[in-house]
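Close look at the chain arrangement
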Amino acid sequence: MPIGVFDSGLGGLTILRALQSHLPDQAFMYLGDNANTPYGTRDTYDVFDLTTKSVQTLFDKGCELVIIACNTASASALHRMQVSWLPKGNKRVLGVFVPMIENLTKRDWGDNTPPTHTGLENVAVFATQSTIESAAFPREMKFRARDVEVFGHACDGLVEAIEAGDTARSEVLVKAHVEALLQRLPQPQAAVLGCTHYPIVEKLFRAALPDNTKLLSQPGIVAEATTDYLGRHKIYRETGDTRYFTTGATETVGKLAELFLGHSVAWKKV
Ligand code: DGL
């Protein structure tokens, strides 16, 4: 069966591309909820309802494993889905949040021993308003890493600018948001792009951050963790190509997606 990859819109394509390059023969099914994007300004209940609806669509289309390639949904909905929504059986949902925390803390998610020194003193997190408000990132970091201080910053307007393909506006916004963060933390040791849309403008973040700040972007980290997971759960492996679905207007989504993917693909409406 194909592996489902879900995002509120186009951001999840950054994760899909990395997955495709790590697992070139794997069948994937992408679903962007472009009709309801952005999720980052919605409340938890809304994000839960929209996320479960889209994941159910992917299950109905034959996926058994779905990667929620969206931090907003991973932070607000994933845990509840895993605990009380998933049907009994082999269906699984994984997020993009856990691999990032594991990578930063160098600890397995299931390691419940007391927090340790990770060598990290501070980390800046750029994400949507909803992800920052969920406080999931600082909570999970503190649980594992002793001396690390997390500085979250909500990049208001950036997802909308990216979804609109507005490069000039994205540039202005990234500069302003990074500047605002640097006023609180002038020399971040590490910075996390905690929204799957942001790798699309990763170069802008790199240019605005101090040279010695380590920039962590999710696609490679998530693809590596997923490849590792699939090595241990071979039932989810299936050879095939990728099919693309959206809840939005296929023509508009297709044109924008082409900018991010570098080639055109056929989109179907769900
Ligand atoms: N790309 C998503 C994320 O990682 C969602 C952005 C949004 O819809 O606001 O948070």
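Data block above holds the structure.
Computed from a prediction, not measured in an experiment: that's the story for all the values here. (Residues numbered from 1 in each chain as written. Predicted model: local features only at pLDDT ≥ 70, side-chain atom pairs only at ≥ 80, totals over all residues. Heavy atoms only, no water.)

Considering the sheet that holds strand S7 (residues 190-193)
- An order of S6-S5-S7-S8 is seen for the four strands of this open sheet, with the pairing classed as parallel. One side of each edge strand has no neighbouring strand; the edge strands of this open sheet are strand S6 (149-154) and strand S8 (214-217). In this sheet, neighbouring strand axes are inclined to one another by 20° on average, regardless of whether the strands run parallel or antiparallel.
- Pairing between strand S5 (residues 122-127) and S6: six bridges, direction parallel. (Pairing = 2+ DSSP bridges. Helix = DSSP H or I, 4+ residues; strand = E, 2+ residues; numbered from the N terminus. Axes fitted to C-alpha atoms, helices over the stretch in contact; angles between N-to-C directions.)

As for the site of the ligand
- Inspection of the region around the ligand gives 14 residues, with Ser8, Tyr39, Gly40, Thr72 and His197 positioned closest.
- Tyrosine 39 has a polar backbone atom sitting 2.6 Å from an oxygen atom of the ligand.
- The backbone of glycine 40 places a nitrogen or oxygen atom 2.7 Å from an oxygen atom of the ligand.
- When isolated, the ligand has an accessible area of 300 Å², and the protein chains bury 99% of it. (Near = heavy atom within 4 Å. Polar contact = N/O pair within 3.5 Å; in protein donor to acceptor, adjacent residues only side chain to side chain. Areas by Shrake-Rupley, 256 points an atom, 1.4 Å probe, with all protein chains shown as cover.)

Quick notes on helix H2 (residues 44-60)
- Spanning 17 residues, H2 covers 24 Å between terminal C-alpha atoms, matching the ideal 24 Å at 1.5 Å per step.
- Within H2, burial applies to Val47, Phe48, Leu50, Thr51, Thr52, Ser54, Val55, Leu58 and Phe59.
- Where H2 is buried, its residues contact strand S1 (3-7), strand S2 (28-32), strand S3 (65-68), helix H3 (71-85) and strand S4 (92-95).
- Regarding H2, its N-cap is aspartate 43, as a side-chain oxygen of that residue lies 3.1 Å from the backbone nitrogen of tyrosine 45 further along.
- Just downstream of H2, glycine 62 is the residue with a positive phi angle, here 110°. (Expected span 1.5 Å × (residues − 1). Buried < 20%, exposed > 50% of the residue type's maximum accessible area, 1.4 Å probe, protein only. Contact = heavy atoms within 4.5 Å.)

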